[in-house]
Each structure stands twice: as C-alpha cells, then as structure tokens.
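Chain and residue survey
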Amino acid sequence: MAKRTGNLRFGILFLAFAIALFLWGMAHGASDVERGFDVPIELYGLDEQLVVTDLSADAINVRLRSSRAAMRNVSAGDLVYRLDVSGGKNGTAEYEVEQSTIQSELPRDADIVARSPSHVQVRFERKGRKAVGVRADVDGDPAEGFLVAAVEVTPRRVWLAGARSQVLRLREVVTETIDITGATEPIEREARLFLGGGTVWMEDKKPVVVRVEIVPDPATLEVPEEAPEAEQETG
C-alpha cells in the first residue's frame, strides 16, 4: 500500500514538473513569433550646401521573426536606420535599404522576414539665404476707450536660410497672431515666425519680440466743462 502511495506521489510530482516545464517554455519562447516594427530613417553626411526637401519614407517597416524571449528585448525606440547621403547632389537620388544595417541592431537570433520599402528616394536642393522683413499679425480690438498707437517688431529684419527656391521667393515673414482683444495697456510678447515649412529656418536663434502700444483714445477723454462767466451787475 505504501509503495502504491509512493508511486502516486511520484506521478503527481512528475506531472506537475512537466506542466511547469511546458508553461516555462511557452513563457520563454519555445516557439518563434513574428512582429512588425517601424524603424525611423536618420540621414547623415549631408553636404552643408544642400538641404533635403523631400524623403519618400520616414521609416522602414520591418517584420521580425524570433523567439518570444528575444522579441521582448527588441524595442522600437532603440531601432534606427542610418542612411549615408554624403554623396548627394542637387536633384533626386535613390538609395537601397540595406537589410544588414538593420540586422546589426537586432538580437542574435532575430531575423528580418521582410522590409518595406526596399528603396528610399531623397530630393536635395541647394541652400540659399536672404534677409527679409518681419510683420506682426495683430488681431482683435483693445477695450472701449483705448486704441493701438504703434506696433513694434524686434528685430525688424531676419536672415533666413534653407532650400534656395523657397528662401528666395519670400519677401517678408509673419509672426504668430497676437490677440489684443480687450487690452487696456501695452502688450509685449515673444512670437514664433511662420516660415512656410521645415526647409526654411532662421539663422539667428534670438527670439522675435512684438510690442503693441495700447493708449487711451483722446477722442473719448472727457473735456472739463468751462465755468459760466459771472454776469456783470448793471447799475
């Protein structure tokens, strides 16, 4: 009877061990899994006289196959595809997406099943620069009895750089809207400039300051009434 009980206990222990081993295998990647990642493209080696005006894709979509355990070590935030554009010239160039460049950043047992796109097109343009005026965009009306006496922008002109075709056609740039609705005193504020896209930028990083002078409206000021002249006494 004791021998039979011992065998039963051994069988239960063996079954429990087998179940635990199975669960461990499932949790630690006994079978391979597939998962997709978007790998952002990072350009390097760009000639200082060129500007990138268009990129056919911002990221490379890759599909990986790996064990569950290895896949947990793959983080999308750690992946980047670095594309060398040091030989770029004015115009459009096409570059093949080299799988080995992405593979080098993956765990050893992670394999790339597919990638898309297989080629990336980059459009380059020569850099230009130009000084243009700055105009403040002021919206709204001050409070009743007040008016705008002056609008000042500092600096009045800024140097822009970027894609030559875009820079040269700019005659002025406009600030973000400054709302003066209901104002009763001067307003001074740093303002961003609308430059028409990411391929044009300010050479000088100093902030642009807009000052709107708000003063009382002279036309609404009360004029003190004159005291009536005293009547002359008649004899």
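None of these values were measured; they are calculated from a predicted model.

Reading guide: rules and limits
Every chain is numbered on its own, with residues counted from 1 as its sequence reads. Residue-level local features of this predicted model are given only where pLDDT is at least 70; pairs of side-chain atoms are given and counted only at 80 or more, and the full residue set underlies all totals for whole chains, interfaces and linings. Side-chain calculation: all heavy atoms of the structure are included, whereas hydrogens and water are not. For the purposes of this entry, the term helix denotes a DSSP run of H or I that reaches at least four residues, the term strand denotes a run of E that reaches at least two, and both are numbered from the N terminus. Working definition: with a 1.4 Å probe on protein chains only, accessible area under 20% of the residue-type maximum means buried, over 50% means exposed, and in between means partly exposed. Asp and Glu are treated as the negative residues and Lys and Arg as the positive ones, with His and the ends of the chain left uncounted. The rule for a salt bridge is simple: a side-chain nitrogen of Lys or Arg has to be within 4 Å of a carboxyl oxygen of Asp or Glu. We call two N or O atoms a polar contact when they sit within 3.5 Å, provided that within protein one can donate a hydrogen and the other can accept it, with sequence-adjacent residues counted only if both atoms are side-chain atoms. If DSSP finds at least two bridges between two strands, the strands pair. Simply put, an axis is a line fit to the C-alpha atoms, just over the touching stretch for a helix, and the angle between two N-to-C directions goes from 0 to 180 degrees. Pairing of aromatic rings covers Phe, Tyr and Trp, the last counted by its six-membered ring, and requires centre-to-centre distances within 6.5 Å; plane angles under 30 degrees mean stacked, over 60 mean edge-to-face, and any other angle means tilted. Ring-over charges, as used throughout, are those where CZ of Arg or NZ of Lys falls within 6 Å of the ring centre and within 35 degrees of the ring normal.

Counting through the fold element by element, Asp217 comes out in the segment after strand 14 (208–216). Buried charge without a partner: Asp217 forms no salt bridge, and the closest opposite charge is Arg211, 18 Å away. Polar side-chain contacts of Asp217 include one of 3.0 Å to the backbone nitrogen of Ala219.

Side chains carrying opposite charge are able to pair once their charged atoms draw close together. In this structure the tally under the stated criterion is eight salt bridges. The closest approach of N and O atoms between Arg82 and Glu42, which form a salt bridge, is 3.1 Å. Of this pair, Arg82 sits in strand 4 (residues 81–84) while Glu42 sits in strand 1 (residues 32–44), placing them 40 residues apart in sequence. The exposure class assigned to Arg82 is partly exposed, which follows from its relative accessible area of 41%. Accessibility expressed as a relative area gives 37% for Glu42, which makes it partly exposed. The salt bridge partner of Glu203 is Arg129, with a shortest N-O separation of 2.9 Å. You can see Glu203 sitting in the loop between strand 13 (200–202) and strand 14 and its partner Arg129 sitting in strand 7 (residues 119–139), a full 74 residues away along the chain. It is possible to trace a salt-bridge network through shared partners that takes in Glu34, Arg63 and Arg65.

Time to look at the environment of Arg108. As for its placement among the helices and strands, Arg108 is situated in the loop between helix 3 (99–103) and strand 6 (111–116). Judged by its relative accessible area of 86%, Arg108 falls in the exposed class.

Below, the discussion takes up the sheet that holds strand 8 (residues 146–154). Here we have three strands laid out as an open sheet, ordered 8-14-11, and antiparallel in their pairing. Of all the strands in the sheet, the pair left with one neighbour each is strand 8 and strand 11 (187–191). In this sheet, neighbouring strand axes are inclined to one another by 20 degrees on average, regardless of whether the strands run parallel or antiparallel.

This next bit is on the packing of aromatic side chains. If you walk through the whole model with that rule in mind, you get zero aromatic pairs. The cationic tip of Arg82 hangs over the ring face of Tyr44; the distance from NZ or CZ to the ring centre is 4.2 Å. The ring of Trp159 has Arg129 sitting right over it, with the charged end atom 4.0 Å from the ring centre.

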